[in-house]
Amino acid sequence: MGIDVTMATIRNRAVLVSEFGPPSVMKIVTEELPPPDANEVQVRHTAIGFNFIDIYQRKGIYPLPLPTRLGFEAAGFVERIGAGVQNLRIGDRVVYMNAGVGAYSDRRNVAEHKLVRVPDAIDDETAVSLFFKGMTAQYLIRHTHAVQPDELLLVHSAAGGVGQILTRWATALGARVVGATGTAKKRQAALDAGCIAVVDTSEDGWADAFLEATGGEKAHVVYDAVGKDTVMHSLDCVRPFGLLVVYGASSGKAPAIEFETLNAKGCLFLTRPSVFPHNADPARFRANAADLFDAVEKGHVSVEIGQRFALDDIVEAHRAAEERRVSGAIVVIP
Ligand SMILES: NC(=O)c1ccc[n+]([C@@H]2O[C@H](COP(=O)([O-])OP(=O)(O)OC[C@H]3O[C@@H](n4cnc5c(N)ncnc54)[C@H](OP(=O)(O)O)[C@@H]3O)[C@@H](O)[C@H]2O)c1
(Lines give C-alpha, C1' and ligand atoms only; values in the text may rest on other atoms or scores of the structure.)
Protein backbone atom coordinates (compact mmCIF):
# COMPACT_ATOMS: atom_id res chain seq x y z
CA MET A 1 0.00 0.00 0.00
CA GLY A 2 1.41 3.47 -0.94
CA ILE A 3 1.88 6.32 1.52
CA ASP A 4 -0.77 9.04 1.44
CA VAL A 5 1.55 12.00 0.87
CA THR A 6 -1.26 14.50 1.43
CA MET A 7 -1.50 13.36 5.07
CA ALA A 8 2.20 12.87 5.77
CA THR A 9 4.18 15.17 8.06
CA ILE A 10 7.35 16.63 6.58
CA ARG A 11 10.74 17.33 8.15
CA ASN A 12 11.20 21.09 8.07
CA ARG A 13 13.78 23.64 9.26
CA ALA A 14 12.55 26.69 11.18
CA VAL A 15 14.07 29.43 13.33
CA LEU A 16 13.05 29.28 16.99
CA VAL A 17 13.64 31.89 19.69
CA SER A 18 13.41 30.67 23.30
CA GLU A 19 14.66 33.86 24.98
CA PHE A 20 14.78 37.48 23.86
CA GLY A 21 18.21 38.86 23.12
CA PRO A 22 21.00 39.31 20.57
CA PRO A 23 21.02 37.62 17.15
CA SER A 24 22.55 34.45 18.67
CA VAL A 25 19.22 33.59 20.41
CA MET A 26 17.90 32.50 16.99
CA LYS A 27 18.35 28.72 16.64
CA ILE A 28 17.54 26.59 13.62
CA VAL A 29 15.51 23.54 14.62
CA THR A 30 14.22 20.64 12.53
CA GLU A 31 10.62 19.76 13.24
CA GLU A 32 7.65 17.83 11.88
CA LEU A 33 5.34 20.01 9.79
CA PRO A 34 1.79 18.60 9.64
CA PRO A 35 -0.31 18.70 6.46
CA PRO A 36 -2.26 21.91 5.85
CA ASP A 37 -5.71 22.38 7.44
CA ALA A 38 -8.78 22.56 5.20
CA ASN A 39 -8.46 26.30 4.53
CA GLU A 40 -4.66 26.29 4.26
CA VAL A 41 -1.98 25.52 1.69
CA GLN A 42 1.56 24.39 2.38
CA VAL A 43 4.01 26.84 0.88
CA ARG A 44 7.52 25.68 -0.05
CA HIS A 45 9.54 28.85 0.57
CA THR A 46 12.04 29.92 -2.08
CA ALA A 47 12.84 33.35 -0.60
CA ILE A 48 12.23 34.86 2.84
CA GLY A 49 11.90 38.56 3.57
CA PHE A 50 13.86 40.26 6.31
CA ASN A 51 12.14 43.19 7.99
CA PHE A 52 13.27 45.43 10.79
CA ILE A 53 10.30 44.35 12.91
CA ASP A 54 11.97 40.90 13.11
CA ILE A 55 14.70 42.55 15.20
CA TYR A 56 12.18 44.18 17.56
CA GLN A 57 10.51 40.81 18.07
CA ARG A 58 13.78 38.93 18.59
CA LYS A 59 14.82 41.49 21.21
CA GLY A 60 11.41 41.49 22.92
CA ILE A 61 10.76 45.18 22.17
CA TYR A 62 7.48 43.96 20.64
CA PRO A 63 7.24 40.89 22.93
CA LEU A 64 5.77 37.60 21.69
CA PRO A 65 4.97 34.59 23.93
CA LEU A 66 8.09 32.36 24.12
CA PRO A 67 9.26 30.17 22.51
CA THR A 68 8.42 31.90 19.27
CA ARG A 69 9.04 31.64 15.57
CA LEU A 70 10.13 34.66 13.60
CA GLY A 71 9.60 36.32 10.23
CA PHE A 72 6.49 37.74 8.54
CA GLU A 73 7.26 37.44 4.86
CA ALA A 74 8.08 34.70 2.38
CA ALA A 75 7.48 33.73 -1.22
CA GLY A 76 7.39 30.27 -2.76
CA PHE A 77 5.08 27.80 -4.43
CA VAL A 78 2.09 25.83 -3.23
CA GLU A 79 3.23 22.28 -2.47
CA ARG A 80 0.19 20.81 -0.70
CA ILE A 81 -3.36 21.97 -0.50
CA GLY A 82 -6.19 21.73 2.09
CA ALA A 83 -9.53 20.19 1.16
CA GLY A 84 -11.46 23.48 1.39
CA VAL A 85 -9.09 25.70 -0.58
CA GLN A 86 -10.97 27.49 -3.36
CA ASN A 87 -8.65 29.58 -5.49
CA LEU A 88 -5.11 28.22 -5.28
CA ARG A 89 -3.59 25.22 -7.05
CA ILE A 90 -0.45 23.15 -6.51
CA GLY A 91 2.48 24.96 -8.11
CA ASP A 92 1.01 28.49 -7.82
CA ARG A 93 3.61 31.11 -6.90
CA VAL A 94 2.53 33.02 -3.80
CA VAL A 95 3.75 35.58 -1.28
CA TYR A 96 2.52 36.62 2.18
CA MET A 97 3.29 39.21 4.84
CA ASN A 98 0.54 39.14 7.46
CA ALA A 99 0.10 35.50 8.49
CA GLY A 100 1.81 35.95 11.88
CA VAL A 101 5.40 34.92 12.64
CA GLY A 102 7.01 31.81 11.15
CA ALA A 103 8.35 32.79 7.74
CA TYR A 104 11.95 31.95 8.73
CA SER A 105 11.52 28.32 7.65
CA ASP A 106 11.65 25.96 4.67
CA ARG A 107 7.88 25.53 4.46
CA ARG A 108 4.81 26.75 6.21
CA ASN A 109 1.06 26.16 6.31
CA VAL A 110 -0.72 29.44 5.51
CA ALA A 111 -4.44 30.26 5.31
CA GLU A 112 -5.51 30.84 1.72
CA HIS A 113 -6.86 34.36 2.39
CA LYS A 114 -3.43 35.49 3.63
CA LEU A 115 -1.76 34.69 0.29
CA VAL A 116 -1.59 36.53 -3.00
CA ARG A 117 -0.27 35.23 -6.29
CA VAL A 118 3.04 36.72 -7.42
CA PRO A 119 2.72 38.29 -10.90
CA ASP A 120 4.81 36.52 -13.58
CA ALA A 121 6.99 39.61 -14.10
CA ILE A 122 8.19 39.53 -10.46
CA ASP A 123 10.67 36.87 -9.30
CA ASP A 124 10.52 35.43 -5.78
CA GLU A 125 13.54 37.33 -4.41
CA THR A 126 12.14 40.60 -5.70
CA ALA A 127 8.75 39.69 -4.23
CA VAL A 128 10.14 39.35 -0.70
CA SER A 129 12.34 42.41 -1.05
CA LEU A 130 9.29 44.52 -1.69
CA PHE A 131 6.03 42.93 -0.47
CA PHE A 132 6.01 43.71 3.27
CA LYS A 133 7.92 46.94 2.72
CA GLY A 134 5.83 47.90 -0.31
CA MET A 135 2.56 47.18 1.50
CA THR A 136 3.87 49.51 4.21
CA ALA A 137 4.70 52.25 1.70
CA GLN A 138 1.29 51.63 0.07
CA TYR A 139 -0.77 52.46 3.15
CA LEU A 140 1.58 55.30 4.13
CA ILE A 141 1.15 57.16 0.83
CA ARG A 142 -2.45 56.14 0.03
CA HIS A 143 -4.25 55.88 3.37
CA THR A 144 -2.27 57.53 6.18
CA HIS A 145 -1.93 60.47 3.82
CA ALA A 146 -2.94 60.53 0.15
CA VAL A 147 0.23 61.99 -1.37
CA GLN A 148 -0.43 64.74 -3.94
CA PRO A 149 1.73 66.12 -6.78
CA ASP A 150 4.23 68.77 -5.67
CA GLU A 151 3.87 68.03 -1.95
CA LEU A 152 7.13 68.17 -0.02
CA LEU A 153 7.91 65.05 2.02
CA LEU A 154 10.75 64.24 4.40
CA VAL A 155 11.48 60.49 4.39
CA HIS A 156 13.81 59.09 7.03
CA SER A 157 16.01 56.04 6.27
CA ALA A 158 15.47 56.87 2.60
CA ALA A 159 18.17 54.36 1.62
CA GLY A 160 16.48 51.58 3.62
CA GLY A 161 13.93 48.99 2.52
CA VAL A 162 10.66 50.86 3.16
CA GLY A 163 12.39 54.22 2.64
CA GLN A 164 13.53 53.46 -0.92
CA ILE A 165 10.09 52.23 -1.96
CA LEU A 166 8.30 55.13 -0.30
CA THR A 167 10.64 57.60 -1.99
CA ARG A 168 10.29 56.06 -5.48
CA TRP A 169 6.51 55.73 -5.30
CA ALA A 170 5.90 59.21 -3.85
CA THR A 171 8.24 60.67 -6.49
CA ALA A 172 6.28 58.85 -9.21
CA LEU A 173 3.12 60.48 -7.80
CA GLY A 174 4.78 63.87 -8.33
CA ALA A 175 5.83 64.63 -4.75
CA ARG A 176 9.22 66.13 -3.90
CA VAL A 177 11.09 63.93 -1.43
CA VAL A 178 13.97 65.01 0.75
CA GLY A 179 15.63 61.95 2.24
CA ALA A 180 17.37 61.51 5.56
CA THR A 181 19.99 58.85 6.20
CA GLY A 182 21.98 57.96 9.29
CA THR A 183 25.32 57.84 7.49
CA ALA A 184 26.76 59.82 4.59
CA LYS A 185 27.56 56.48 2.88
CA LYS A 186 23.84 55.91 2.19
CA ARG A 187 23.39 59.32 0.55
CA GLN A 188 23.86 58.05 -3.01
CA ALA A 189 21.34 55.23 -2.55
CA ALA A 190 18.80 57.80 -1.34
CA LEU A 191 19.49 60.05 -4.33
CA ASP A 192 19.20 57.06 -6.67
CA ALA A 193 15.75 56.38 -5.19
CA GLY A 194 14.66 59.85 -6.28
CA CYS A 195 15.40 62.20 -3.38
CA ILE A 196 15.92 65.81 -4.46
CA ALA A 197 18.28 66.33 -1.49
CA VAL A 198 19.57 64.22 1.39
CA VAL A 199 20.36 65.22 4.98
CA ASP A 200 22.57 63.24 7.33
CA THR A 201 20.88 62.74 10.71
CA SER A 202 24.17 61.81 12.39
CA GLU A 203 25.08 65.53 12.08
CA ASP A 204 23.88 67.94 14.79
CA GLY A 205 21.45 70.48 13.41
CA TRP A 206 20.15 68.19 10.64
CA ALA A 207 16.70 69.83 10.84
CA ASP A 208 18.34 73.15 9.91
CA ALA A 209 20.15 71.38 7.06
CA PHE A 210 16.75 70.14 5.86
CA LEU A 211 15.39 73.71 5.83
CA GLU A 212 18.50 74.94 4.02
CA ALA A 213 18.01 72.27 1.37
CA THR A 214 14.39 73.31 0.80
CA GLY A 215 14.95 77.08 0.88
CA GLY A 216 13.10 77.27 4.22
CA GLU A 217 10.04 75.29 3.12
CA LYS A 218 8.75 72.76 5.68
CA ALA A 219 7.31 69.37 4.75
CA HIS A 220 3.64 68.55 4.27
CA VAL A 221 4.44 65.13 5.75
CA VAL A 222 7.42 63.70 7.61
CA TYR A 223 7.69 59.89 7.55
CA ASP A 224 9.87 58.87 10.51
CA ALA A 225 10.54 55.23 11.49
CA VAL A 226 13.83 55.99 13.26
CA GLY A 227 11.96 57.08 16.40
CA LYS A 228 13.94 57.99 19.50
CA ASP A 229 16.90 59.75 17.85
CA THR A 230 14.96 61.84 15.33
CA VAL A 231 11.30 62.43 16.26
CA MET A 232 11.70 65.64 18.27
CA HIS A 233 13.68 67.26 15.44
CA SER A 234 11.28 65.85 12.85
CA LEU A 235 8.57 67.99 14.49
CA ASP A 236 10.59 71.06 13.45
CA CYS A 237 10.45 69.98 9.81
CA VAL A 238 6.62 69.79 9.52
CA ARG A 239 4.75 72.82 8.20
CA PRO A 240 1.69 74.20 10.08
CA PHE A 241 -1.27 71.79 9.76
CA GLY A 242 1.17 69.18 8.40
CA LEU A 243 1.51 65.57 9.50
CA LEU A 244 4.20 63.66 11.38
CA VAL A 245 3.94 59.91 10.76
CA VAL A 246 5.93 57.89 13.30
CA TYR A 247 5.77 54.35 11.94
CA GLY A 248 8.76 52.65 13.58
CA ALA A 249 11.48 52.78 16.16
CA SER A 250 14.77 51.73 14.50
CA SER A 251 16.79 53.72 17.08
CA GLY A 252 14.40 53.02 19.98
CA LYS A 253 10.85 54.03 20.92
CA ALA A 254 10.00 57.67 20.27
CA PRO A 255 9.58 59.85 23.37
CA ALA A 256 6.10 60.96 24.44
CA ILE A 257 5.01 64.18 22.76
CA GLU A 258 2.93 66.77 24.66
CA PHE A 259 -0.29 67.79 22.88
CA GLU A 260 0.69 71.43 23.48
CA THR A 261 3.88 70.85 21.47
CA LEU A 262 1.69 70.09 18.44
CA ASN A 263 -0.13 73.38 19.04
CA ALA A 264 3.09 75.37 19.45
CA LYS A 265 4.60 73.94 16.24
CA GLY A 266 1.56 74.95 14.16
CA CYS A 267 -1.47 72.71 14.86
CA LEU A 268 0.39 69.62 13.65
CA PHE A 269 -1.18 66.20 13.17
CA LEU A 270 0.56 63.13 14.58
CA THR A 271 -0.09 59.44 13.91
CA ARG A 272 1.53 56.08 14.73
CA PRO A 273 0.16 53.61 12.16
CA SER A 274 0.86 49.92 11.40
CA VAL A 275 0.66 47.80 8.26
CA PHE A 276 -1.33 44.97 9.88
CA PRO A 277 -4.67 46.71 10.64
CA HIS A 278 -4.53 48.22 7.14
CA ASN A 279 -4.48 44.69 5.70
CA ALA A 280 -6.58 42.76 8.21
CA ASP A 281 -9.62 42.63 5.94
CA PRO A 282 -8.96 40.07 3.14
CA ALA A 283 -10.61 42.14 0.38
CA ARG A 284 -8.69 45.24 1.42
CA PHE A 285 -5.46 43.19 1.60
CA ARG A 286 -5.96 41.98 -1.99
CA ALA A 287 -6.80 45.49 -3.21
CA ASN A 288 -3.73 46.97 -1.53
CA ALA A 289 -1.53 44.20 -2.97
CA ALA A 290 -2.98 44.80 -6.46
CA ASP A 291 -2.19 48.52 -6.07
CA LEU A 292 1.39 47.64 -5.10
CA PHE A 293 1.92 45.17 -7.95
CA ASP A 294 0.45 47.68 -10.38
CA ALA A 295 3.00 50.26 -9.19
CA VAL A 296 5.80 47.68 -9.57
CA GLU A 297 4.69 46.83 -13.11
CA LYS A 298 4.56 50.54 -14.03
CA GLY A 299 8.14 50.88 -12.75
CA HIS A 300 7.07 53.20 -9.91
CA VAL A 301 8.24 50.83 -7.19
CA SER A 302 11.44 48.90 -6.90
CA VAL A 303 14.02 48.19 -4.26
CA GLU A 304 17.67 47.27 -4.45
CA ILE A 305 18.53 43.92 -2.88
CA GLY A 306 21.35 44.98 -0.57
CA GLN A 307 22.48 41.51 0.51
CA ARG A 308 21.44 37.84 0.42
CA PHE A 309 21.96 35.41 3.33
CA ALA A 310 21.32 31.67 3.62
CA LEU A 311 18.73 30.71 6.26
CA ASP A 312 21.61 28.99 8.10
CA ASP A 313 23.27 32.43 8.34
CA ILE A 314 20.24 34.21 9.80
CA VAL A 315 22.28 35.35 12.82
CA GLU A 316 24.71 37.19 10.53
CA ALA A 317 21.80 38.72 8.57
CA HIS A 318 20.40 40.26 11.77
CA ARG A 319 23.85 41.53 12.79
CA ALA A 320 24.33 43.24 9.41
CA ALA A 321 20.93 44.95 9.72
CA GLU A 322 21.42 46.06 13.31
CA GLU A 323 24.86 47.44 12.56
CA ARG A 324 23.34 49.48 9.69
CA ARG A 325 25.71 47.86 7.21
CA VAL A 326 23.13 47.23 4.47
CA SER A 327 21.49 49.67 2.05
CA GLY A 328 18.36 48.22 0.45
CA ALA A 329 16.62 44.96 1.26
CA ILE A 330 18.03 41.82 2.88
CA VAL A 331 16.78 38.56 1.35
CA VAL A 332 17.11 35.19 3.11
CA ILE A 333 17.33 32.00 1.04
CA PRO A 334 16.12 28.73 2.64
N1 LIG B 1 4.50 50.64 11.17
C2 LIG B 1 4.58 49.86 10.13
O3 LIG B 1 3.56 49.52 9.52
C4 LIG B 1 5.91 49.38 9.66
C5 LIG B 1 5.98 48.38 8.67
C6 LIG B 1 7.23 48.03 8.16
C7 LIG B 1 8.37 48.63 8.68
N8 LIG B 1 8.24 49.57 9.68
C9 LIG B 1 9.44 50.22 10.23
O10 LIG B 1 10.06 50.93 9.18
C11 LIG B 1 11.45 50.98 9.44
C12 LIG B 1 12.19 50.52 8.21
O13 LIG B 1 12.00 49.12 8.06
P14 LIG B 1 12.88 48.28 7.04
O15 LIG B 1 12.56 46.87 7.29
O16 LIG B 1 12.71 48.85 5.69
O17 LIG B 1 14.36 48.57 7.57
P18 LIG B 1 15.53 49.46 6.93
O19 LIG B 1 15.03 50.86 6.71
O20 LIG B 1 16.08 48.76 5.76
O21 LIG B 1 16.56 49.44 8.11
C22 LIG B 1 16.34 50.27 9.25
C23 LIG B 1 17.09 51.58 9.11
O24 LIG B 1 16.93 52.31 10.32
C25 LIG B 1 17.97 53.23 10.43
N26 LIG B 1 18.44 53.29 11.82
C27 LIG B 1 18.38 54.38 12.60
N28 LIG B 1 18.83 54.14 13.80
C29 LIG B 1 19.22 52.87 13.83
C30 LIG B 1 19.80 52.06 14.80
N31 LIG B 1 20.07 52.52 16.03
N32 LIG B 1 20.07 50.79 14.49
C33 LIG B 1 19.79 50.31 13.26
N34 LIG B 1 19.24 51.04 12.29
C35 LIG B 1 18.96 52.32 12.56
C36 LIG B 1 19.07 52.76 9.47
O37 LIG B 1 19.05 53.67 8.38
P38 LIG B 1 19.99 54.93 8.44
O39 LIG B 1 21.35 54.39 8.77
O40 LIG B 1 19.88 55.57 7.13
O41 LIG B 1 19.43 55.81 9.55
C42 LIG B 1 18.59 51.41 8.97
O43 LIG B 1 18.98 51.18 7.64
C44 LIG B 1 11.70 50.14 10.69
O45 LIG B 1 11.71 50.99 11.82
C46 LIG B 1 10.48 49.26 10.74
O47 LIG B 1 10.18 48.78 12.01
C48 LIG B 1 7.04 49.93 10.16
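Since the structure is predicted, the reported quantities are computational estimates derived from the model, not experimental observations.

A. Looking closely at helix α5 (residues 206–213). All of the buried residues in α5 are W206, A207 and F210. Along the long axis of α5, the arc covered by the buried residues comes to 105°, so they all point the same way. In α5, the exposed residues that point more than 90 degrees away from the buried face are D208 and E212. Each element contacted by the buried residues of α5 is listed here: β9 (152–156), β10 (176–181), β11 (197–200), β12 (219–224) and α6 (231–234). Count one or two residues on from α5 and you reach G215, which has phi positive near 70°.

B. Up close: the packing of helix α2 (residues 124–144) against helix α9 (residues 282–297). Two elements in contact, α2 and α9, have axes separated by 9 Å at closest approach and are oriented at 100°. Classified by the angle between their axes, α2 and α9 sit roughly perpendicular to one another. When α2 is examined against α9, the residues L130, F131, G134, M135, Q138, R142 and H143 are found in contact with a partner set consisting of R284, F285, N288, A289, D291, L292, F293 and V296. Taken together, the residues of the contact of α2 with α9 sort by class into eight nonpolar, four polar and three charged.

C. Highlighting the nonpolar core. Core analysis: the largest hydrophobic core is formed by 52 residues, its most contacted members being V95, F131, L153, Y223 and Y247. Elements with a contribution of two residues or more to this core: α1 (52–59), α2, β9, α3 (161–172), β12, β13 (238–246), α9 and β16 (329–333). Among the elements that take part in this core, α2 stands out by supplying ten residues, more than any other. The residues that make up this core include at least three from each of domain 1 (10–130 + 280–333) and domain 2 (149–272). In contact with V95, other than residues within four places in its own chain, are A74, A75, K114, L115, V116, V118, A127, V128, F131 and F293. Core analysis: the next-biggest nonpolar cluster, separate from the first, contains 30 residues, V15, I48, I55 and V315 among them.

D. Spotlight on the environment of I28. Within the secondary structure, I28 sits in strand β2 (residues 26–33). C-alpha of I28 to C-alpha of F309: the two residues are 281 residues apart in sequence and 14 Å apart in space. Residues within four places of I28 in sequence aside, it is in contact with R13, A14, V15, L311 and D312.

E. How the structure looks around the domain arrangement of the protein. Domain boundaries assigned for the protein yield domain 1 (10–130 + 280–333) and domain 2 (149–272). Computed from C-alpha atoms alone, the centre-to-centre distance between domain 1 and domain 2 is 28 Å. If you look at the interface, domain 1 gives 18 residues, while domain 2 gives 17 residues. Between domain 1 and domain 2, a total of about 1400 Å² is buried, with carbon and sulfur atoms accounting for 55% of that surface. The largest contributions to the domain 1 side of the interface with domain 2 come from H300, R324 and S327, which together make up 31% of the buried area. Summed over the shared surface of domain 1 and domain 2, the number is one salt bridge. Counting the contacts that link domain 1 with domain 2 gives seven residue pairs in polar contact (both at pLDDT 80 or more). Looking at the side of domain 1 that touches domain 2, the elements that each hand over two or more residues are α1, α2 and α9. With three residues, α9 is the single largest residue contributor to the side of domain 1 that touches domain 2. Partitioning the side of domain 1 that touches domain 2 into residue classes produces ten nonpolar, five polar and three charged.

F. View of the layout of surface pockets. The space that makes up the largest pocket amounts to roughly 1000 Å³. Around the largest pocket, the lining comprises 50 residues; the ones closest to its centre are F52, Y56, S157, A225 and S250. Those elements that place two or more of their residues in the lining of the largest pocket are α1, α2, α3, β10, α8 (275–278), α10 (314–322) and β16. By residue class, the composition of the lining of the largest pocket is 25 nonpolar, 17 polar and eight charged. If you add up the space inside the second largest pocket, you get close to 190 Å³. If you go around the second largest pocket, you meet 13 residues; those closest to its centre are T201, S202, E203, W206 and D229. Classifying every residue of the lining of the second largest pocket gives three nonpolar, six polar and four charged.

G. Spotlight on the packing of α2 against α3. Taken N-terminus to C-terminus, the directions of α2 and α3 make an angle of 50°; their axes are 9 Å apart at the nearest point. Overall, the two elements α2 and α3 adopt an arrangement that is oblique. The hand of the α2/α3 crossing is right-handed. Between α2 and α3, the contacting residues are S129, L130, K133, G134, T136, A137, Q138, L140, I141 and R142 on the first element and G161, V162, I165, L166, W169 and A170 on the second. For the contact of α2 with α3, the class distribution of residues is nine nonpolar, five polar and two charged.

What counts and what doesn't
- Think of each chain on its own: its residues are numbered from 1, step by step along the sequence as written.
- Reporting in this predicted model follows two pLDDT cut-offs: at least 70 for local features of residues, and 80 or more for side-chain atom pairs to be given and counted; totals over whole chains, interfaces and linings ignore these cut-offs and use all residues.
- Calculated side-chain values reflect all of the structure's heavy atoms, with hydrogen atoms and water omitted.
- For every residue, the accessible area obtained with a 1.4 Å probe (protein chains only) is divided by the maximum for its type, and the residue is called buried under 20%, exposed over 50%, and partly exposed between those limits.
- Counting from the N terminus, the helices are the DSSP runs of H or I reaching at least four residues and the strands are the DSSP runs of E reaching at least two.
- Relevant arc is that of directions from the helix axis to the C-beta atoms, nothing else.
- The contact definition used throughout considers only heavy atoms, calling two residues in contact when any of these lie within 4.5 Å.
- A fitted line through C-alpha atoms represents every axis, and for helices the fit uses only the stretch in contact; the resulting angles, taken between N-to-C directions, go from 0 to 180 degrees.
- Geometric relationships in this document are graded by angle, where less than 35 degrees denotes roughly parallel, more than 145 denotes roughly antiparallel, 65 to 115 denotes roughly perpendicular, and other angles denote oblique.
- Three categories are distinguished: nonpolar for Ala, Val, Leu, Ile, Met, Phe, Trp, Tyr, Cys and Pro, charged for Asp, Glu, Lys and Arg, and polar for the others, with Gly belonging to the last.
- Nonpolar cores are built from buried Ala, Val, Leu, Ile, Met, Phe, Trp, Tyr and Cys residues. Side-chain atoms within 4.5 Å join them into one set.
- For every domain, the bounds stem from an assignment made automatically or drawn from a database.
- Buried area: the sum, over both parts, of the accessible surface (1.4 Å probe) that disappears when the two are put together.
- Here, a salt bridge means any side-chain nitrogen of Lys or Arg that lies within 4 Å of a carboxyl oxygen of Asp or Glu.
- Two N or O atoms form a polar contact when they lie within 3.5 Å of each other; inside protein one atom must be a possible hydrogen donor and the other a possible acceptor, and for residues adjacent in sequence the pair counts only when both atoms belong to side chains.
- Two kinds of site are reported from a 1 Å grid over the protein atoms alone, namely cavities, where a 1.4 Å probe fits but cannot get out, and pockets, open sets with protein on both sides within 12 Å along at least five of seven lines, and residues are called lining when an atom falls within 4 Å of a point.
- Grid points are joined across faces, edges and corners, and a volume is the space filled by probe spheres set on the points.
- Helix crossings fall into two classes, left-handed where the near helix is turned counterclockwise from the far one by less than a right angle and right-handed where it is turned clockwise.

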